[in-house]
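# Examining the three-dimensional arrangement
Now for the letters of each chain:
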Amino acid sequence: CHSDLEAQRCLPYANKTIKNSHETTILRGSQPGTILVPEKKVEVVEEKDTSSGSLGLYIFFYLIVTVSFAMITVPYNALIADKSHYSQRGFNSGVMGCMILLGNVSGAAVGIGLSEMGVLGAYGTAIAVVMVSVCVTVFTTTEKPGKQNLEPIGCVQIFCGFWEPFKEHDFRWVFFTRFLMQQGVSTVTGFLEYWLSDMIELPDCWNAGRGVAIMLLPMLFAAAISSIIFGILSDRFNRRKPIVIVAAFIMCICISTLTYIKGPSAYYIAVVVAFFFGIGFGSFQSVDFALVMDILPEEKDKAKDIAVWHLALILPNALATPVGGLILDYFESVNCRIGLGYIILFVVTTVYFLLSGIFVTRIRQAK
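Here's what I pulled together on the structure shown here. Numbering of residues begins from 1 in every chain and follows the order in which that chain's sequence is written. Restriction of local features to residues with pLDDT of at least 70 applies here, the model being predicted, together with a cutoff of 80 or more for giving and counting side-chain atom pairs; totals for whole chains, interfaces and linings are based on all residues. Just so you know, side-chain values use all the structure's heavy atoms and leave hydrogens and water out.

### Observations regarding the state of the cysteines
By convention in this document, the label disulfide applies to cysteine sulfur atom pairs within 2.5 Å. Per the counting criterion, the structure on display carries one disulfide. This cysteine, C254, is not joined by any disulfide, and C252 carries the nearest cysteine sulfur, 9.4 Å off.

If you want it as structure tokens, here you go:
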């Protein structure tokens, strides 16, 4: 169950690898004059490629899913903004964050039972939930009539409309605050499975996928509960900035802790750290949407600005993995024995959270 983690993570970065059909030798040691030590003979088995499908089609349909997700969430967020009273923005933001996190919890639960459900069962469940949720929103919610006699919109108007919100001081800082926070979260979640596989001894012969799913459950439950609690508190005391700063501080401490944990109990410590990380993340979620609602003028059309603000969620999902992958691969090649790649990756993630807590102080309209 417990393989040599150091050898496992260092194998791709070995300086020399000599292979033949009978034995494999790998480079051992890091001092000058290192010699090649023969390992036990390894039976070389040529595996048949049993995979099927097309990577190109997967990329194409994944793009469609991402675009469809944006098409749903942007007008949905604008609808929430239209329906939210000023005195309940924090509460509404917290409830929305809680529902998103509970959705993530259910997704983690599906991940635990993926082998029993199968791919079709898991995706069929997701499709059914989305269809029911959209129908409930569309057929049970009323909204103001749309504008009449709209002028045609060209590419120039779309481009100018995209950059227009960034002319506003507070919008820029709200955008950067959310972008950096999501960049940190996306980096953690994107590399958590690799970190568990390379650095942590998992209990009961679990694979990394199962370890991630179980680790996410306490984190997401804590985030969902804290999202509502801190949303209510932000309305009661009319304060948003202190909550973001506290959330950033908690998440910095949690990620820094993951850098140092080792040994047989490391996974259980990581689960506890994930719980506190969830409290910090939920705290930020509770005022995330309230911040953007606070800075948008009441008389202004909100959907366009919210669409631009939503990019602060979409872009980290696209950027965190390649940026983190480059950092991980480079520093692991420098010193894989101590897991330097993961240490530097977590340090960079901590900087994301730290800057997010600093940038929120630049917002003028929010308290």
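Additional details are given in the paragraphs that follow.
### What about empty space enclosed by the protein?
For each structure, a 1 Å grid was placed over the protein atoms alone; sets of points admitting a 1.4 Å probe that cannot get out are labelled cavities, open sets with protein on both sides within 12 Å along at least five of seven lines are labelled pockets, and lining residues have an atom within 4 Å of a point. Grid points are joined across faces, edges and corners, and a volume is the space filled by probe spheres set on the points. For the structure shown, the criterion picks out one cavity of 30 Å³ or more. In this structure, the largest cavity encloses a volume near 80 Å³. Lining the largest cavity, in full, are V188, L192, M215, L216, M219, C254, I255, L258, V273, A274 and F277. When the residues that make up the lining of the largest cavity are grouped by side-chain class, the tally is eleven nonpolar, no polar and no charged. All residues other than Ala, Val, Leu, Ile, Met, Phe, Trp, Tyr, Cys, Pro, Asp, Glu, Lys and Arg, Gly among them, are scored as polar; the first ten of these are nonpolar and the last four charged.

### Topic: the packing of helix α6 (residues 169–199) against helix α11 (residues 340–359)
Where α6 meets α11, the axes come as close as 8 Å, and the angle between the chain directions of the two elements is 160°. In terms of axis orientation, α6 runs roughly antiparallel to α11. As for how α6 packs across α11, the hand of that crossing is left-handed. For the contact of α6 with α11, a count of residues per class yields 17 nonpolar, six polar and one charged. For every element, the axis is a line fit to its C-alpha atoms; helices are fit only across the contacting stretch, and the angle between N-to-C directions ranges from 0 to 180 degrees. Secondary structure elements are taken from DSSP: a helix is a run of H or I of four residues or more, a strand is a run of E of two residues or more, and numbering for both begins at the N terminus. For this classification, under 35 degrees means roughly parallel, over 145 means roughly antiparallel, 65 to 115 means roughly perpendicular, and everything else is oblique. In this scheme the handedness of a crossing depends on how the near helix is turned from the far one: anticlockwise by less than a right angle means left-handed, clockwise means right-handed.

### Observations concerning the packing of aromatic side chains
Two numbers describe a pair of aromatic rings. These are the distance of the centres and the angle of the planes. The criterion for an aromatic pair is that two Phe, Tyr or Trp rings (for Trp, the six-membered ring) have centres within 6.5 Å, with stacked assigned to planes under 30 degrees apart, edge-to-face to planes over 60 apart and tilted to the rest. Enumeration according to the criterion identifies eleven aromatic pairs in this entry. Ring centres of W195 and F346 lie 5.8 Å apart, and the angle between their planes is 70°; on these two criteria the pair is classed as edge-to-face. Note that W195 is positioned in helix α6 and F346 in helix α11, a separation of 151 residues in sequence. Only protein chains enter the area calculation, which uses a 1.4 Å probe; residues under 20% of their type maximum are buried, those over 50% are exposed, and those in between are partly exposed. Judged by relative accessible area, which is 6%, F346 ranks as buried. Ring pairs connect the aromatic residues W173, F175, F176 and F359, which therefore count as one cluster.

### A word on a nonpolar patch on the surface
The patches described consist of residues with a relative accessible area above 30% and no salt bridge, like charges being joined within 9 Å and nonpolar side chains (Val, Leu, Ile, Met, Phe, Trp, Tyr) within 5 Å. Surface accessibility in these figures is a Shrake-Rupley result with a 1.4 Å probe; residues are shielded only by whichever protein chains are displayed. By convention in these notes, a salt bridge is any Lys or Arg side-chain nitrogen within 4 Å of a carboxyl oxygen on Asp or Glu. On the surface, I72, V130, V134, V138 and F139 cluster together to form a nonpolar patch covering roughly 470 Å² of accessible area. Topologically, F139 is positioned in helix α4 (residues 114–140). Judged by its relative accessible area of 69%, F139 is exposed.

### Brief notes about the environment of A247
Checked against the element boundaries, A247 lands in helix α8 (residues 241–260). A relative accessible area of 0% means that A247 is categorised as buried. Residues A247 and G278, spaced 31 residues apart in sequence, show a C-alpha to C-alpha distance of 9.5 Å. Two residues qualify as a contact provided that any one of their heavy atoms is within 4.5 Å of a heavy atom in the partner residue. When near neighbours in sequence (up to four residues on either side) are disregarded, A247 contacts G280, S283 and F284.

### So, the packing of α6 against α8
In the contact formed by α6 and α8, the axes pass within 12 Å of each other and the chain directions differ by 25°. In terms of orientation, α6 lies roughly parallel with respect to α8. Taken as a pair, α6 and α8 cross one another with a handedness that is left-handed. Along the contact surface, α6 presents T177, M181, V185, V188 and W195, while α8 presents V244, A248, M251, I255 and L258.

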